[in-house]
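Given next are the chains, with one letter for each unit.
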Amino acid sequence: MKHDGQLENGKTYLFVLEREAGNYAIPFLRLFTNYGYSTRDTSINGFNLPFNLKKGEIKYIGNIQLDESLQSNIHPVQLNNNFKRDVEAIKNLQPSVNWSDAINDETIKVIYSK
């Protein structure tokens, strides 16, 4: 499958979400794949990725890794911390943001359902 992300030969997509202060969670991911001749639409759940934001805060959640084959013995969603690499890369995409204020919250973890 061809990827067109910004890092790791297109396999990593950088994105930013702007939110008000509060408690948030990412409880599922949806993967839509277009093969040209067919498509696949898959929801991946069984996990939760909770985090909180304070007013005016820029927080790095992490590098959410997805096993798109969904055939791994481990959960298909993993969280890695590539703070320095990702912040340096996103500076090029959104240079008007003061990324030096970004917080690397290493306490954020994926919680898996049983």
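All right, on to the overall build of the protein then. When helices and strands are counted, the protein shows one helix and nine strands. In the protein, the succession of α and β elements from N to C terminus is β-β-β-β-β-β-β-α-β-β. Within the protein, the proportion of its 114 residues that are buried is 26%. Within the protein, contacts between residues separated by at least 24 positions form 56% of all contacts whose residues are at least 6 apart in sequence. As displayed, the protein has an accessible area near 8400 Å², and 49% of this comes from carbon and sulfur atoms.

Another point: the confidence of the model for the protein. With 83% of its residues at a pLDDT of at least 70, the protein reaches an overall mean of 84. The element-level mean pLDDT for the protein is lowest in strand β2 (residues 29–34), coming to 79, with strand β1 (residues 22–26) highest at 95.

An order of β1-β4-β9 is seen for the three strands of this open sheet, with the pairing classed as antiparallel. Looking at the sheet topology across the chains shown, the edges are occupied by β1 and β9 (111–112). Direction of pairing for strand β4 (residues 47–53) relative to β9: antiparallel, over a ladder of two bridges. Each bridged residue has a counterpart across the sheet, and for Phe47 the counterpart in β9 is Tyr112.

A general tendency of soluble globular proteins is for nonpolar side chains to be buried together. Core analysis: the largest hydrophobic core is formed by 10 residues, namely Ile26, Ile44, Phe47, Leu49, Phe51, Leu53, Ile61, Val77, Ile108 and Val110. If one sorts the elements of this core by residue count, β4 sits on top with four residues. Other than its neighbours up to four places away in sequence, Val110 contacts Phe47, Asn48, Leu49 and Leu79. Of all hydrophobic cores here, the second largest spans eight residues; its members include Tyr60, Ala89, Ile90 and Ala102.

All right, on to the side chain of Lys59 then. Inspection of the secondary structure puts Lys59 in strand β5 (residues 59–60). For Lys59, a relative accessible area of 15% corresponds to the buried category. In this structure the side chain of Lys59 is engaged in a polar contact, spanning 2.7 Å, whose partner is the backbone oxygen of Asn52. There is a polar contact of 3.2 Å between the side chain of Lys59 and the side chain of Asp105. Apart from the residues within four sequence positions on either side, Lys59 is in contact with Asn52, Leu53, Ile103, Asp105 and Ile108.

Our next topic: the side chain of Asp105. Tracing the backbone through its elements, the reader meets Asp105 in the loop between β8 (103–104) and β9. By relative accessible area, which is 17% here, Asp105 ends up buried. Side-chain polar atoms of Asp105 contact the side chain of Thr107, separated by 2.4 Å.

Our focus in this paragraph is the environment of Leu93. Structurally, the position occupied by Leu93 is in helix α1 (residues 83–93). Linking Leu93 and Leu14, residues 79 residues apart in sequence, is a C-alpha distance of 8.8 Å.

Cut-offs applied
Residues numbered from 1 in each chain as written. Predicted model: local features only at pLDDT ≥ 70, side-chain atom pairs only at ≥ 80, totals over all residues. Heavy atoms only, no water. Helix = DSSP H or I, 4+ residues; strand = E, 2+ residues; numbered from the N terminus. Buried < 20%, exposed > 50% of the residue type's maximum accessible area, 1.4 Å probe, protein only. Contact = heavy atoms within 4.5 Å. Areas by Shrake-Rupley, 256 points an atom, 1.4 Å probe, with all protein chains shown as cover. pLDDT = per-residue confidence, 0-100. Pairing = 2+ DSSP bridges. Core = buried A, V, L, I, M, F, W, Y, C linked by side-chain atoms within 4.5 Å. Polar contact = N/O pair within 3.5 Å; in protein donor to acceptor, adjacent residues only side chain to side chain.

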